[in-house]
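Analysis of the macromolecular model
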Amino acid sequence: MSALTSRYSAARFDGMGTLVPFARSTQIYGECEPAKYLYMIVKGAVRTCRMTLDGRRRIVGFYFAGDSFGFEAGDAHTLSAEAVSPTVVRMTRRTVIAASAGQQEHIAHFLCKTLYREIAREQEHIVRLGKPALERVADFLLEMARRFPHSAVLELPMSRRDIADHLDITIETVSRALRQLMKRAALESIHGRRITLGARGTLTQICEHSPVTSRDRHAPYAERPPHLIIKGSLRVKRMLAYR
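Think of each chain on its own: its residues are numbered from 1, step by step along the sequence as written. Only residues with pLDDT of at least 70 are given local features in this predicted model, and only at 80 or more are side-chain atom pairs given and counted; all residues enter the totals for whole chains, interfaces and linings. Side-chain numbers come from the whole structure's heavy atoms, not from hydrogens or water.

Turning our attention to the overall build of the chain. Runs of H or I in DSSP of at least four residues are treated as helices and runs of E of at least two as strands, each being numbered from the N terminus. Each helix and strand in the chain was counted, giving nine helices and eleven strands. Under the scheme applied here, a residue whose accessible area is under 20% of the maximum for its type counts as buried, over 50% as exposed, and between as partly exposed, the area being computed with a 1.4 Å probe on protein chains only. Sorting the 243 residues of the chain into buried and exposed places 43% on the buried side. Note on contacts: a residue pair qualifies if any of its non-hydrogen atoms lie within 4.5 Å across the two residues. When contacts within the chain are restricted to residue pairs at least 6 apart in sequence, long-range pairs at least 24 apart make up 70% of them.

Let's shift gears to the packing of helix α5 (residues 160-167) against helix α6 (residues 171-183). Remark: α5 packs on α6, axes separated minimally by 8 Å, with the N-to-C direction vectors making an angle of 100 degrees. One element, α5, and the other, α6, form an angle in the roughly perpendicular class. The residues of α6 that touch α5, namely those facing R160, R161, I163 and A164, are I171, V174, S175 and L178. Grouping the amino acids of the contact of α5 with α6 by side-chain chemistry returns five nonpolar, one polar and two charged. The axes are straight lines fitted to the C-alpha atoms, using for helices just the contacting stretch, and the angles between their N-to-C directions are given from 0 to 180°. Angle categories: roughly parallel below 35 degrees, roughly antiparallel above 145, roughly perpendicular from 65 to 115, and oblique for all the rest. Put simply, Ala, Val, Leu, Ile, Met, Phe, Trp, Tyr, Cys and Pro go in the nonpolar bin, Asp, Glu, Lys and Arg in the charged bin, and everything else, Gly too, in the polar bin.

Positive phi outside glycine occurs at S25, with the angle close to 70 degrees. Examined against the element boundaries, S25 turns out to sit in the loop between β1 (18-22) and β2 (27-29). With a phi close to 80 degrees, C32 is a non-glycine residue in the positive phi region. Within the fold, C32 resides in the loop between β2 and β3 (37-43). You can call C32 exposed: its relative accessible area is 59%.

Pairs of strands are assigned from DSSP output, requiring at least two bridges between the strands. The sheet built from four strands is open, its strands ordered β1-β8-β3-β6 with antiparallel pairing. At either margin of the open sheet sits one strand with a lone partner, and together these are β1 and β6 (68-69). Strand direction decides the pairing type here: β1 and strand β8 (residues 87-93), joined by five bridges, are antiparallel. Within the sheet, the bridge partner assigned to P21 lies in β8 and is V88.

Moving on, we get to a nonpolar patch on the surface. Patch rule: a residue counts if its relative accessible area is over 30% and it has no salt bridge; like charges are joined within 9 Å, and nonpolar side chains (Val, Leu, Ile, Met, Phe, Trp, Tyr) within 5 Å. All accessible areas in this document rest on Shrake-Rupley with a 1.4 Å probe, and a residue is counted as covered only by the protein chains that are shown. Any Lys or Arg side-chain nitrogen found within 4 Å of a carboxyl oxygen on Asp or Glu counts as a salt bridge. Together, L115, Y116 and I119 make up an exposed nonpolar region whose accessible area comes to about 310 Å². With respect to the secondary-structure elements, I119 resides in helix α3 (residues 105-128). Owing to a relative accessible area of 44%, I119 belongs among the partly exposed residues under this scheme.

Quick look at the confidence of the model for the chain now. Think of pLDDT as the predictor's per-residue confidence, scored from 0 to 100. Per-chain confidence: the chain averages 83 in pLDDT, with 79% of residues scoring 70 or above. In this model residues 1-10 is a low-confidence stretch, pLDDT under 50, and it forms 13 contacts with partners more than four residues away in sequence or in other chains. Across residues 211-243 the pLDDT falls below 50, and counting only partners more than four positions away or on other chains, this stretch makes 30 contacts in the model.

As structure tokens, this is what we get:
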């Protein structure tokens, strides 16, 4: 969402809800808590996540100024939401939003577009998780570039731990992938969370045609390219068949 669209969308809700500030890493709502509000980010960034049974964190998505989140099909939240950086959120009751959408077509249209965008991002992320680790990182950076289209410099609010938990890889793998992207001139420089993009075409090409390396073959199971996982699974099936 562009800055202009974000300001325009936020202006539509200026008279609705309450502005609430959240400090860095503060929980906005928890998993299984009642879903009474919809949220629009005025400033800052938010991550939605879930803890797995073995205690690992999985970050499902990131949201920035102008984005809305907290949509649920039921009455409880299926994920938790946390402020990535100092954040201000406009909280509006779902009942108020529903009533307004029934009376004002532009609000209903905005909500539909927001939901369509959310579904599209989730679909893209599912595809991303099926790629080798290098492609996952490159694809993530391309998404950030699309969401912040007016600068070749990305000022990422999230940490490398956040990126790793979002892409289902390790921090070391994220750092290694960033160094590889530098070597291929897809990135010009990396200074902490400040990343200067190189040739956009190179980054796109890497997303689509990253070669499989010996490191991929020995990577943790979740970080391997899909065809290597399938090949390994078939090998296990054959071994079991001979027992």
